[in-house]
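One-letter residues, chain by chain:
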Amino acid sequence: MTDTLVPQAAEAEAEHAPTKRLFIKTYGCQMNVYDSERMADVLRPLGYAPTETPDDADFVILNTCHIREKAAEKVYSELGKLRELKDAKAATSNTTMTIAVAGCVAQAEGEEIMRRQPAVDLVVGPQAYHQLPELLTRTARARGERIGADFAPNDKFDALPATRGGDGVTAFLTVQEGCDKFCTFCVVPYTRGAEWSRPLAAVLDEARALADRGVREVTLLGQNVNAYDGERADGKKATLAELAHALAEIPGLDRIRYTTSHPNDMSDDLIAAHGDLDALMPYLHLPVQSGSDRILRLMNRKHGRQKYFDLIERIRAARPDMALSGDFIVGFPGETERDFEDTMDLVRRVNYASAFSFMYSPRPGTPAAGMGAQVPPEVAKDRLHRLQALLLEQQVAFNAAQAGRTLDVLFEKKGRHGRQAIGRSPYLQSVHVDDADHLIGKIVPVEIVSGQQNSLTGKPIAPVPSSRDLGVSVLGA
Ligand code: SAH
Ligand code: SF4
Ligand code: F3S
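Residues numbered from 1 in each chain as written. Chains lettered and ligands numbered in written order. Predicted model: local features only at pLDDT ≥ 70, side-chain atom pairs only at ≥ 80, totals over all residues. Heavy atoms only, no water.

Observations regarding the site of ligand 3
Move 1: Looking at ligand 3, the residues that line it are Cys29, Asn32, Thr64, Cys65, His66, Ile67, Cys104, Arg192 and Gln223.
Move 2: Looking at the shell around ligand 3, its residues break down into 4 nonpolar, 4 polar and 1 charged. (Near = heavy atom within 4 Å. Nonpolar A, V, L, I, M, F, W, Y, C, P; charged D, E, K, R; others polar.)

What follows is the structure, encoded as structure tokens:
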């Protein structure tokens, strides 16, 4: 299965190949963002360079998400527009545009895509994008390839080129894929397959390469990232906490984050690591979905609300300033007003720094879609508004509470105004600072002046010395 891509051979071919333009549009979670970057890496040796718009693209990939109905339907409307572009291109310049659908919709309904939109040349599931080069040459001969119905993530990671494109100071790094939890509402176990972890050494190699390229913050990705159990050199398994300790040793890598975690995999050593490791950032995305024990049971989350409260207490004992984030679903089948009030109560008790909340969307093939007592949309909508108002209130209060504090900010990019720079606080808040574009790539203490709904404003005090900044003059103490 892995014999389809030989990067060295592909590179040799690229020496003669003219530049072709590649446009990738990414939907869904961070794992799709990572996958899109890796697809670009796989195609680079074939002469494909990224472009910002589909208008002039030779190859367009939609990297899709199947999590809610709206996300999946977006793909078909986007494909409609691409078809017009493809037809116009063929008519005016007699050139072709190849269209591929990748990601979770490709996995879940590949055949339907082919049927509904004849302009699509190929469909490639999340575990098969390393086969894109070979697929492309085959597509030139015949349309209708559909690859990736089987799950073998090790093949994919083994076949990806060692080098990664990009020049940012932050990066995503997939360490775990798939899910064995089977929450009754969720498509992920079907689109991404069983839980699988990359070996420890492979993750560390990729992290070192990122640090060498100037990356200072890495976000480890997995559908259940805290279930990570990658193989070590001695054949035993490493936990996410062990991985975090090993990553913290890499010179230049100053910040480590991870997402998404399941409450049941929040192990003692991982909680302890938050107290022991400065590099592990005090922000944790720990979805609970509902505050009602009855609904949690129907969702097959395999834990109750008290377990979640206990967990939060232990996490805050290890790291008192931990900022918490979560995901919530309202209107799950059978959810009563009382169940919903339990969710509101849980949110009040936990106090989130930020959170995502969704109206339940029935997904084909999932157990919840067949449950009776679906909640009427207007009831679900009303609950969503109430929940979002509370979560927003907490987020605004959390941001406002940073005023007067000094936070270490990793500056990532230029802002929109003048020499403004934008970075991230340890708590993942966006921080805007004027006259600071010379600080991009640095971690600098910033005095926070004010906190708004979605960002903080501040002024820098002095650069912090770190492994990477040593040798650079350090102003002040
Ligand atoms: N693995 C993560 C979540 C992945 S999906 C976890 O277990 O928490 C991201 C979020 O989408 C979920 O946390 C959930 O809140 C939401 N979601 C998943 N399926 C959904 C559905 N059918 N309807 C509405 N929201 C859904
Ligand atoms: Fe979906 Fe549940 Fe798995 Fe998260 S843990 S990906 S919500 S099945
Ligand atoms: Fe969507 Fe697939 Fe991610 S369904 S949320 S892109 S794992």
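Anyway, onward from the coordinates.
Quick notes on the side chain of His274
Move 1: Of note, His274 is situated in helix H10 (residues 268–276).
Move 2: His274 gets classed as buried once you look at its relative accessible area, which sits at 2%.
Move 3: Side chain to side chain, His274 and Tyr258 meet in a polar contact 2.6 Å long.
Move 4: Excluding residues within four positions of it along the chain, His274 makes contact with Tyr258, Leu280, Met281, Ala318, Arg319 and Met322. (Helix = DSSP H or I, 4+ residues; strand = E, 2+ residues; numbered from the N terminus. Buried < 20%, exposed > 50% of the residue type's maximum accessible area, 1.4 Å probe, protein only. Polar contact = N/O pair within 3.5 Å; in protein donor to acceptor, adjacent residues only side chain to side chain. Contact = heavy atoms within 4.5 Å.)

Digging into the site of ligand 2
Move 1: Taken together, Cys179, Lys181, Phe182, Cys183, Phe185, Cys186, Val188, Pro189, Asn224, His262 and Arg301 form the complete shell of residues around ligand 2.
Move 2: Here the shell around ligand 2 is built from residues that sort into 7 nonpolar, 2 polar and 2 charged.

Concerning the pattern of salt bridges
Opposite charge on two side chains permits pairing when their charged atoms draw close.
Move 1: Across all of its chains, the model carries 36 salt bridges by this definition.
Move 2: As a salt-bridge pair, Asp234 and Arg232 come within 2.6 Å of each other at their nearest N and O atoms.
Move 3: Taking relative accessible area as the criterion, Asp234 reaches 48% and is therefore assigned partly exposed.
Move 4: Overall, the relative accessible area of 23% leaves Arg232 in the partly exposed class.
Move 5: The structure contains a network of salt bridges with shared partners spanning Glu335, Glu337, Glu341, Asp382, Arg383 and Arg386. (Salt bridge = Lys/Arg side-chain N within 4 Å of Asp/Glu carboxyl O.)

Focus: the pairing of strand E15 (residues 323–330)
As a general feature of sheets, a regular strand has side chains that alternate between the two faces.
Move 1: Of all 8 residues in E15, 8 are buried, a share of seventy percent or more.
Move 2: Burial along E15 is two-sided: Ala323, Ser325, Asp327 and Ile329 facing one way and Leu324, Gly326, Phe328 and Val330 facing the other are all buried.
Move 3: In this sheet, E15 lies alongside strand E14 (residues 283–285) in parallel orientation, the contact comprising 3 bridges. Considered in E15, the bridge of Leu284 is made with Leu324. (Pairing = 2+ DSSP bridges.)

Describing helix H9 (residues 240–248)
Move 1: Along H9, the residues classified as buried are Leu240, Ala241, Leu243, Ala244 and Leu247. All buried residues of H9 fall inside an arc of 160° around its axis, so they share one side.
Move 2: Here the buried face of H9 lies against helix H8 (200–212), strand E10 (217–221), strand E12 (237–238), strand E13 (255–259) and H10. (Arc of directions from axis to C-beta.)

Notes on the packing of helix H3 (residues 69–93) against helix H4 (residues 103–116)
Move 1: Running from N to C, H3 and H4 point in directions that differ by 35°, and their axes come no closer than 12 Å. Remark: the crossing between H3 and H4 carries right-handed chirality. For the pair H3 and H4, contact is made by Ala72, Glu73, Val75, Tyr76 and Leu79 and by Val105, Glu109, Glu112, Ile113 and Arg116, respectively. (Axes fitted to C-alpha atoms, helices over the stretch in contact; angles between N-to-C directions. Left-handed = near helix turned anticlockwise from the far one by under 90°.)

Some details on the packing of helix H13 (residues 337–350) against helix H14 (residues 377–400)
Move 1: It is at 10 Å that the axes of H13 and H14 come closest, and there the two elements cross at 5°. In terms of axis orientation, H13 runs roughly parallel to H14. Between H13, through Glu337, Phe340, Glu341, Thr343, Met344, Val347 and Arg348, and H14, the contact on the second element is made entirely by Arg383, Arg386, Leu387, Leu390, Leu391 and Gln394.
Move 2: Grouping the constituent residues of the contact of H13 with H14 by class yields 6 nonpolar, 2 polar and 5 charged. (Parallel < 35°, antiparallel > 145°, perpendicular 65-115°, else oblique.)

As for the sheet that holds E15
Move 1: Spatially, the 3 strands line up as an open sheet ordered E14-E15-E16, and their pairing is parallel. Edge positions in the sheet fall to E14 and strand E16 (354–359), since each of these pairs with one other strand and no more. Across this sheet, the average inter-strand angle for adjacent strands is 10°, counted without regard to direction.

Topic: the environment of Asp265
Move 1: As for its position among the elements, Asp265 is in the loop between E13 and H10.
Move 2: Note: C-alpha distance between Asp265 and Leu240 (25 residues apart in sequence) is 10.0 Å.
Move 3: Side chain to side chain, Asp265 and Lys181 meet in a polar contact 2.8 Å long.

Some thoughts on the sheet that holds strand E20 (residues 443–451)
Move 1: An order of E17-E18-E19-E21-E20 is seen for the 5 strands of this closed barrel, with the pairing classed as mixed. On average, each strand axis in the sheet is inclined to that of its neighbour by 55°, with strand direction left out of account.
Move 2: Note that strand E17 (residues 406–414) and strand E18 (residues 421–424) share 4 bridges and pair antiparallel. The residue of E18 that forms the bridge with Lys413 is Ile422.

Regarding the confidence of the model for the protein
Move 1: Taken residue by residue, the protein gives an average pLDDT of 90. The fraction at 70 or more is 89%.
Move 2: Note on residues 1–14: pLDDT is under 50 here. Beyond four places in sequence and across chains, it has 17 contacts.
Move 3: Note on residues 469–477: pLDDT is under 50 here. Beyond four places in sequence and across chains, it has 10 contacts. (pLDDT = per-residue confidence, 0-100.)

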